[in-house]
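Tertiary structure, described
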Amino acid sequence: MVACRVIDPLPPAHQAAAQAETLGHLVAEAMAFLRRQPGAVLDLPAADGARAFFGLGGNDAAASLAAAAEAALALARHLQEEASLLAAAGRPAPKFGVGLSSGMLSAGLLGRAEAPCFTAFGPPAEQSRQLASLNARHGTCVLAGRRAAQLGRDRFEFRAIEGDSLHELTGARPVETHDDPLVGSGDLDLHDSPPARG
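Here's what I pulled together on the structure shown here. (Residues numbered from 1 in each chain as written. Predicted model: local features only at pLDDT ≥ 70, side-chain atom pairs only at ≥ 80, totals over all residues. Heavy atoms only, no water.)

All right, on to the overall build of the chain then. What the chain contains, in helices and strands, is four helices and nine strands. Starting at the N terminus, the α and β elements of the chain follow one another as β-α-β-β-α-β-β-β-α-β-α-β-β. Counting only residues that meet the buried cut, the chain has 37% of its 198 residues in that class. Within the chain, contacts between residues separated by at least 24 positions form 59% of all contacts whose residues are at least 6 apart in sequence. Surface summary for the chain: the accessible area is close to 11800 Å², and the carbon and sulfur share equals 55%. (Helix = DSSP H or I, 4+ residues; strand = E, 2+ residues; numbered from the N terminus. Buried < 20%, exposed > 50% of the residue type's maximum accessible area, 1.4 Å probe, protein only. Contact = heavy atoms within 4.5 Å. Areas by Shrake-Rupley, 256 points an atom, 1.4 Å probe, with all protein chains shown as cover.)

Right under this line is the structure:
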């Protein structure tokens with residue numbers, strides 16, 4: 001799952017209203033962005049961020065983690081672009097951190113029957129929010145837990161931060177290509193082959 005959370009300290013009282021308005025705008029942007037990600041199921045938004053769950057449709061853990069990691073990286077880039085636009089307009093932008101975690105969750109609908117709300121519970125859900133906040137301490141954008149880093153290390157680059165318990169997700173691994181020596185070599189031309197002898 002992916003969590004996005006504001007990591008700025010509380011603003012001075014005279015800036016609180018403007019900060020709250022900007023924060024509301026960026027949380028809405030994060031929700032809209034996550035809603036467009038393949039396989040994402042959104043949780044109820046919080047005042048300081050958003051969460052999305054991946055793999056609730058029965059995908060295997062590695063495929064779900066890959067979808068979540070791609071969404072986390074894309075969300076971090078999107079929020080950085082939004083912050084740049086706000087800065088260019090002379091408006092302060094809250095800093096966000098993104099957390100990536102993996103594990104079993106209990107999911108279901110809450111609320112009234114006519115207006116149910118989806119949510120999920122479990123250690124990975126809380127861990128993702130904690131990881132998002134820890135970006136402030138480490139000057140990072142996307143942090144992942146041990147399990148997520150282990151599941152994703154074949155497709156993504158992780159850098160250990162605190163032993164083996166905390167990892168920075170830095171990007172996707174380059175896709176390896178294997179050149180076939182017969183393809184495109186020019187050594188084999190079927191049109192110039194000698195006629196077959198019978």
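From this point on, the discussion continues.
Core analysis: the largest hydrophobic core is formed by 37 residues, its most contacted members being Val2, Leu75, Phe96, Leu100 and Leu169. Where this core is concerned, the elements lending two or more residues are β1 (2–6), α1 (16–35), β3 (49–53), α2 (61–88), β4 (96–100), β7 (142–145), α4 (146–152) and β8 (156–162). (Core = buried A, V, L, I, M, F, W, Y, C linked by side-chain atoms within 4.5 Å.)

Read from one edge of the open sheet, seven strands run β2-β3-β1-β4-β7-β9-β8, paired in mixed fashion. Taken across any chain shown, the strands that pair with only one partner, and hence form the sheet edges, are β2 (41–42) and β8. Here β2 runs beside β3; their pairing, made up of two bridges, is antiparallel. Looking across to β3, one finds that leucine 42 is bridged to alanine 52. Lying on the sheet, α2 is in contact with β1, β4, β7, β8 and β9 (166–172); it crosses β4 at an angle near 175 degrees. (Pairing = 2+ DSSP bridges. Axes fitted to C-alpha atoms, helices over the stretch in contact; angles between N-to-C directions.)

As a further point, take the pairing of β4. The buried fraction of β4 amounts to five of the five residues, a majority that puts the element mostly inside the structure. Of the two faces of β4, the one holding Phe96, Val98 and Leu100 and the one holding Gly97 and Gly99 are both buried throughout. Bridge count for β1 against β4 is five bridges, and the pairing is antiparallel. Its bridge partner being in β4, cysteine 4 is matched across the sheet by valine 98. Examined bridge by bridge, β4 and β7 share three bridges and lie parallel to one another. In the sheet register, glycine 99 faces β7, and the bridge partner there is leucine 143.

The terminal C-alpha atoms of helix α3 (residues 123–138) lie 22 Å apart, and with 16 residues this matches the ideal 22 Å at 1.5 Å per residue to within 8%. Buried within α3 we find Pro124, Ala125, Ser128, Arg129, Leu131, Ala132 and Asn135. Packing partners of the buried residues in α3 comprise β1, β3, β4, β6 (117–121), β7 and β9. One or two residues past the end of α3 sits glycine 139, with phi positive at roughly 65 degrees. (Expected span 1.5 Å × (residues − 1).)

When you line up the elements, serine 128 lands in helix α3. Owing to a relative accessible area of 0%, serine 128 belongs among the buried residues under this scheme. Not counting chain neighbours up to four residues away, the residues in contact with serine 128 comprise Met1, Ala3, Arg51, Gly99 and Ser101.

With that out of the way, let us pick up the environment of threonine 140. Residue placement: threonine 140 occurs in the loop between α3 and β7. C-alpha of threonine 140 to C-alpha of phenylalanine 96: the two residues are 44 residues apart in sequence and 9.9 Å apart in space. If sequence neighbours within four positions are ignored, threonine 140 has contacts with Asn135, Arg159, Ile161 and Glu168. Here the side chain of threonine 140 touches asparagine 135 through a polar contact of 2.7 Å, side chain to side chain. (Polar contact = N/O pair within 3.5 Å; in protein donor to acceptor, adjacent residues only side chain to side chain.)

On to the pattern of salt bridges, then. When their charged atoms lie close together, side chains carrying opposite charge are able to pair. A full pass over the atoms with the stated rule returns seven salt bridges. Taking the shortest distance from any N to any O, the salt bridge between glutamate 157 and arginine 173 comes out at 3.3 Å. One end of the pair, glutamate 157, is in strand β8; the other, arginine 173, is in the segment after β9, and 16 residues separate them in sequence. Overall, the relative accessible area of 28% leaves glutamate 157 in the partly exposed class. (Salt bridge = Lys/Arg side-chain N within 4 Å of Asp/Glu carboxyl O.)

By themselves these figures say nothing about function.
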